[in-house]
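Here's the letter readout for the chains.
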Amino acid sequence: MRTAVVLFTRDLRVRDNPALAAACANAEHVVPLYVLDPKLQKLSPNRTRFLHQALADLRAALRERGGDLVVRTGDPVAEAIEVARAAGAEGIGMAADVSTYARRREQRFREECERHRIALRLFPGLTVVDPGAVRPGGGGSSYRVFSPYHRAWRAAQWRAEVATPEKITVPPGIVPGPLPEPPEGDSPDAAEGGETPARRLFTTWLRHIGPYPELHNDLPADGTSRLSPYLRFGCLSPLELANAAIKQDAEDYVRQLSWRDFYYQVAFVFPKLSTEPLRLAGDTTWRYDDDALQHWKDGLTGVPVVDAGMRQMRAEGWMHNRARLITAAFLTKHLGIDWRPGVQWFFRYLLDGDVPNNSGNWQWVAGTGNDTRPYRRFNPIRQAQRFDPEGVYVRRYVPELKGVEGGAVHQPWRLPAEVRRGLDYPGPLESHRDEAVWLRP
Ligand SMILES: Cc1cc2nc3c(=O)[nH]c(=O)nc-3n(C[C@H](O)[C@H](O)[C@H](O)COP(=O)(O)OP(=O)(O)OC[C@H]3O[C@@H](n4cnc5c(N)ncnc54)[C@H](O)[C@@H]3O)c2cc1C
């Protein structure tokens, strides 16, 4: 092939990028392309900022190899076809994806490529194992329970990592186009996007991966990798990460990575994961309470561990997994509020926010999804006492409680009245004043 276009989507890296590697191996000229879709830019200022940073980093990496990143704005299908025609490209390559948006885009690509006699090729790369590659026995289309999925995922034949292209030659006459400045995000302490910061964190993480089994639930220790935003945008290959973790015998970590693939294969067969329950049971009894919902969003519920998690997300665009479980369970199982506004709020702030993992996890917590114990409850106070016994995490994100020592911070309503009066911190929500509610099993 003389010329190929590589359309980057959620694979913003040069290392272990199957679509880019194949184009560079098979074509003389390659057009690395990203199309900024105005429809997606509005969903989350945090992710849009991260994306722009990642694109600048990708452009620099491609330039180091003699290439460039061609940037266009508009409808990805129309723009990619136009660039392909202008470059005289015979083929377009891109990573396959599972969301409804991505699959509609893919279908339109098929039609338009056929019309213009351009070959379309889809590549793996967003997950370790392709969604749909491992299926349950008995003819099921996807695994609904995690443990058997994990066993099949671990036993599956994984693809080989691909080499990083050394040289990329863009055809003459293709104007790269300007890359807009990264816009403002919502969260002042958000991580920076790009393959360069991803690799820095990846290298550091591999040195600290050892105590993951003991530390990953420990809220103040912050002992998880924080690599999720980089996986979300493909600044780091999930396969490379899984292989590197296996080399270090970090099976607990590898297992966690397979949760990510698990939800991709769920979304692959159930694209309405963000709006419709996987299990109808339990989805009919939600309350609609705008006031309580707003307090939850603002981190002002009066339950310190919940408020700490919600404020961590606002400040950093990321929240510890244990805090995500506690805050999501608080909204759905304690306040009894529908999980869908929770999905949307997380989706606005999270740098790693994506349809399969955000909605899949929300449904798991709400009891409408893939949990084998859908009626389980998370008692926020017991969770806080177990995973933040000294209250360090809470005081980090709820400065109003800085003066309260030790684990007493988790139940401010139990403090002596004169101490309580001195705190600029709300009491429990009106509908949940009765302390007994926290202690329900
Ligand atoms: C309500 C709720 C919403 C969530 N929304 C998202 C989301 O939008 N995007 C997202 O990537 N994760 C989501 N998660 C899963 C999990 O909280 C994050 O992946 C994790 O906190 C990311 O931090 P880390 O990279 O330090 O994780 P680590 O502990 O270092 O784990 C390594 C990787 O494994 C994967 N992983 C770990 N736990 C899970 C899990 N429960 N489900 C799926 N993948 C997992 C992630 O890719 C993560 O980067 C959500 C969890 C809950 C309970």
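Figured I'd write up the structure that's included with this text. None of the values given here were measured: they were computed from a predicted structure.

## Brief notes about the packing of aromatic side chains
Point 1. Tallied over the entire structure, the rule returns 18 aromatic pairs.
Point 2. Ring geometry for F262 against Y263: centres 5.2 Å apart, planes inclined by 65°, an arrangement best described as edge-to-face.
Point 3. Ring pairing ties together the aromatic residues Y143, F146, Y149, W259, F262 and Y263, which thus form one cluster.
Point 4. Over the aromatic face of F347 sits the side chain of R47, whose NZ or CZ is 4.2 Å from the ring centroid.
Point 5. The positively charged end of R232 is found above the aromatic ring belonging to F233, 4.5 Å away from the centroid.

## Things to note about the pattern of salt bridges
Point 1. Tallied over the entire structure, the rule returns 20 salt bridges.
Point 2. Measuring nitrogen to oxygen at the nearest pair gives 3.8 Å for the salt bridge that ties E64 to R65.
Point 3. Put simply, E112 and R115 hold a salt bridge, and the shortest N to O gap is 3.0 Å. With a gap of three residues between them, E112 and R115 both fall in helix α5 (residues 100-115), about one helical turn apart.
Point 4. Residue classification places E112 among the partly exposed residues on the basis of a relative accessible area of 23%.

## A short note on the site of the ligand
Point 1. By nearness alone, 28 residues border the ligand, and Y212, T224, S225, R226 and N321 come closest of all.
Point 2. Residue T224 places a side-chain N or O atom 2.6 Å away from an oxygen atom belonging to the ligand.
Point 3. Within the backbone of D354, a nitrogen or oxygen atom sits 3.3 Å from an oxygen atom of the ligand.
Point 4. Here the ligand has 810 Å² of accessible area as a free molecule, and 97% of this is covered by the chains.
Point 5. Put simply, the parts of the chain that give the shell around the ligand at least two residues each are α9 (228-232), α11 (251-269), α14 (321-334) and α16 (355-366).
Point 6. Its residues placed into classes, the shell around the ligand shows 14 nonpolar, nine polar and five charged.

## Description of the packing of helix α6 (residues 146-155) against α11
Point 1. At their nearest, the axes of α6 and α11 sit 9 Å apart, and the two run at 105° to each other. Accordingly, the angle class assigned to the pair α6 and α11 is roughly perpendicular. Contacts from F146, S147, Y149, H150, W153 and R154 in α6 reach E251, V254, R255, L257, S258, W259, D261, F262 and Q265 in α11.
Point 2. Classifying every residue of the contact of α6 with α11 gives seven nonpolar, four polar and four charged.

## Things to note about the nonpolar core
Point 1. Counting 111 residues, the largest nonpolar core has F8, L12, Y253 and W296 as its most contacted members.
Point 2. Of the residues forming this core, the biggest block, eight residues, is contributed by α11.
Point 3. Beyond its immediate stretch of four places on either side in the chain, W296 contacts T301, V306, M310, T327, F330, L331, G342, W345, F346 and W362.
Point 4. V83, A87, I92 and I118 belong to the second largest nonpolar core, which has 19 residues in total.

Analysis parameters
- Residues numbered from 1 in each chain as written.
- Predicted model: local features only at pLDDT ≥ 70, side-chain atom pairs only at ≥ 80, totals over all residues.
- Heavy atoms only, no water.
- Phe/Tyr/Trp six-rings, centres within 6.5 Å; stacked < 30°, edge-to-face > 60°.
- Lys NZ or Arg CZ within 6 Å of the ring centre and 35° of its normal.
- Salt bridge = Lys/Arg side-chain N within 4 Å of Asp/Glu carboxyl O.
- Helix = DSSP H or I, 4+ residues; strand = E, 2+ residues; numbered from the N terminus.
- Buried < 20%, exposed > 50% of the residue type's maximum accessible area, 1.4 Å probe, protein only.
- Near = heavy atom within 4 Å.
- Polar contact = N/O pair within 3.5 Å; in protein donor to acceptor, adjacent residues only side chain to side chain.
- Areas by Shrake-Rupley, 256 points an atom, 1.4 Å probe, with all protein chains shown as cover.
- Nonpolar A, V, L, I, M, F, W, Y, C, P; charged D, E, K, R; others polar.
- Axes fitted to C-alpha atoms, helices over the stretch in contact; angles between N-to-C directions.
- Parallel < 35°, antiparallel > 145°, perpendicular 65-115°, else oblique.
- Contact = heavy atoms within 4.5 Å.
- Core = buried A, V, L, I, M, F, W, Y, C linked by side-chain atoms within 4.5 Å.

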